[in-house]
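Coordinates in review
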Amino acid sequence: IELRLFRDEINQYLIDSIEKNYDDAVKLEDDNKQSNDTKTKEYYSQKISNAREIIRNLEGQKENLRKTKEKAYSDYICECNGTCGSGIYGDGSECKRRRAYYQKESAEFDNESQRLNEAIRDLGENIVFLEQSNNEALQKIENGTSRNRNDFLKERDNKLTEFKSKSVTSFLTQNRALSTL
C-alpha cells in the first residue's frame with residue numbers, strides 16, 4: 001500500500017537520482033577538462049618560456065660579441081691615430097697588431113652572429129610551433145569534452161524517457177527509493 005501511496009514521490013525520486021548521476025558525470029567530465037586544460041597550458045607555457053629565455057641569452061651573447069668588436073675597433077683606430085696607446089701616429093707595429101686583433105674579432109663576430117641569428121630564428125619557429133600545438137591540444141580537449149558532455153546528456157535523456165515510459169517500476173527499485181525517502 002505504501003508503494004501505491006508514494007508512487008509519484010518514488011518516481012520523482014528515481015528521476016531525480018538519474019538526473020543527479022548524469023549531472024555528476026558531466027561535472028566530473030568538466031572538472032577533468034579544466035584539469036587537462038591547465039596541465040596543457042602549463043606544459044606548453046613552460047616550453048615557450050624556456051625557448052624565450054634561451055633567445056634572451058643568445059641575444060645577450062651577441063651583444064657581448066658586438067661590444068668586444070667595437071672595443072677592438074676603437075682601440076685600433078685610437079692607436080693608429082696616435083691618440084692613445086703608444087701615442088705614435090701612423091701604421092706602426094702596435095697599430096698593425098691592433099688592426100689584426102680587430103679583424104680577428106670582426107670575423108669572429110660575423111661568424112658567431114650568423115650562428116646565433118640562426119639559433120634565434122630556429123627557436124622563434126619552435127615557439128610558433130609550440131603555440132600552435134598548444135592551441136590544437138586545447139581544441140582537442142574542448143571538442144572531446146563537448147562530445148562527452150553531449151553523449152552524457154543524450155544518455156541521461158534516453159534513460160529518463162525509458163523510465164517515464166515504463167508504467168511500472170520494479171518492486172525492489174520502488175522499495176529502495178521508498179526507504180531512502
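Residues numbered from 1 in each chain as written. Predicted model: local features only at pLDDT ≥ 70, side-chain atom pairs only at ≥ 80, totals over all residues. Heavy atoms only, no water.

Attention shifts here to the pattern of salt bridges. Following the criterion strictly, the structure yields twelve salt bridges and no others. Where arginine 56 meets glutamate 53, a salt bridge forms, and the shortest distance between an N and an O atom there is 2.8 Å. Of this pair, arginine 56 and glutamate 53 both sit in helix H2 (residues 7-81), three residues apart, roughly one helical turn. When its relative accessible area of 47% is taken as the criterion, arginine 56 is described as partly exposed. What makes glutamate 53 partly exposed here is its relative accessible area of 37%. The salt bridge involving arginine 121 is made with glutamate 125; its shortest N-O contact spans 3.8 Å. Of this pair, arginine 121 and glutamate 125 are both found in helix H3 (residues 93-165), four residues apart, which corresponds to roughly one turn of the helix. The class of glutamate 125 is partly exposed, set by a relative accessible area of 49%. In this structure, a network of salt bridges that share partners links the residues Glu63, Arg66 and Glu70. (Salt bridge = Lys/Arg side-chain N within 4 Å of Asp/Glu carboxyl O. Helix = DSSP H or I, 4+ residues; strand = E, 2+ residues; numbered from the N terminus. Buried < 20%, exposed > 50% of the residue type's maximum accessible area, 1.4 Å probe, protein only.)

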